[in-house]
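# Structural overview
The lines below spell out each chain.
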Amino acid sequence: MVSATTALAATTVAIGGYAIDSMRKEIMESGVPAEAKFRKAEGESNTLVLVFGWAGCLWKQLDKILDWYQKVAKLDTISAIAPFPSTVPVVNPVLEVVSQQSHHDRVVVHAFSQNGSSTFIAILERLEKEPFVYDKFFLFY
């Protein structure tokens, strides 16, 4: 005889497994392009914020945070959402946009969840292998 607790645990795993599988499929099919977007602050900004989205993040969700940086904090941003599960495709677009923003005195990273952190780590690993002429990144070493 199966106890109620065992039955509930089995149901939760089954439901959880389905939810995870369907969510993973939805993320993979969402087709989030590997791109980096620059947003200019309202006013002059000497700080650049790199904002990396979480797995499954949509631009309309990240835009709310970017609006705050742009309008309230008055900071320039470069944002990217790495397509799940690989963060590598966004490395080149991010570094390309960063290279065009060399007038900033500081770079701050806002990485959401594991996917955002993995994106930032992929960028640092790339910079370690192929030094990038942007001295602001030395803040992170």
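In case you missed it, the structure is sitting above this.
The following refers to the structure shown.

Definitions and limits used
Residues numbered from 1 in each chain as written. Predicted model: local features only at pLDDT ≥ 70, side-chain atom pairs only at ≥ 80, totals over all residues. Heavy atoms only, no water. Buried < 20%, exposed > 50% of the residue type's maximum accessible area, 1.4 Å probe, protein only. Helix = DSSP H or I, 4+ residues; strand = E, 2+ residues; numbered from the N terminus. Pairing = 2+ DSSP bridges. Right-handed = clockwise from strand over helix to strand, strands pointing away. Axes fitted to C-alpha atoms, helices over the stretch in contact; angles between N-to-C directions. Parallel < 35°, antiparallel > 145°, perpendicular 65-115°, else oblique. Contact = heavy atoms within 4.5 Å. Nonpolar A, V, L, I, M, F, W, Y, C, P; charged D, E, K, R; others polar. Salt bridge = Lys/Arg side-chain N within 4 Å of Asp/Glu carboxyl O.

### Concerning the pairing of strand β3 (residues 76-80)
Among the five residues in β3, five count as buried, and that is most of the element. Looking at chain direction, strand β2 (residues 47-52) and β3 are connected through five bridges and run parallel. Looking at β3, one finds that Leu-50 is bridged to Ile-78. Remark: the β2/helix α2 (residues 59-72)/β3 crossover connection has right-handed handedness.

### Points about the packing of helix α3 (residues 91-99) against helix α4 (residues 113-129)
Where α3 meets α4, the axes come as close as 10 Å, and the angle between the chain directions of the two elements is 70°. With respect to α4, the axis of α3 lies roughly perpendicular. Packed against α3, whose contacting residues are Val-91, Asn-92, Val-94 and Leu-95, the element α4 presents Ala-122, Ile-123, Arg-126 and Leu-127 at the interface. Of the residues in the contact of α3 with α4, the class split is six nonpolar, one polar and one charged.

### Overview of the sheet that holds strand β1 (residues 36-39)
The strands that make up a sheet pair up through hydrogen bonds in the backbone, lying either parallel or antiparallel. Read across the sheet, four strands follow the order β1-β3-β2-β4 without closing on themselves; strand pairing throughout is mixed. Strands at the two margins of the open sheet, each flanked by one partner only, are β1 and β4 (106-111). Across the sheet, the mean angle separating the axes of adjacent strands is 20° when strand polarity is ignored. Alignment of β2 against β4, held across six bridges, turns out to be parallel. Bridge assignment links Phe-52 to a residue of β4, and that residue is Ala-111. α2 rests against β1, β2, β3 and β4 of the sheet, and its axis sits at about 165° to β3. Sitting on the sheet, α3 is in contact with β1, β2 and β3, with an inclination near 25° to β1.

### Details of the pattern of salt bridges
Pairs can form between side chains of opposite charge whenever their charged atoms are close. Tallied over the entire structure, the rule returns three salt bridges. One salt bridge connects Asp-63 with Arg-39, and the closest N-O pair in it is separated by 3.5 Å. Here Asp-63, found in helix α2, pairs with Arg-39, found in strand β1; they are 24 residues apart in sequence, far enough to count as distant. Among the residues examined, Arg-39 registers a relative accessible area of 18% and is labelled buried. A salt bridge links Arg-39 to Asp-67; the nearest nitrogen and oxygen atoms lie 2.3 Å apart. Residue Arg-39 is located in strand β1, and its partner Asp-67 is located in helix α2; the two are separated by 28 residues in the primary sequence.

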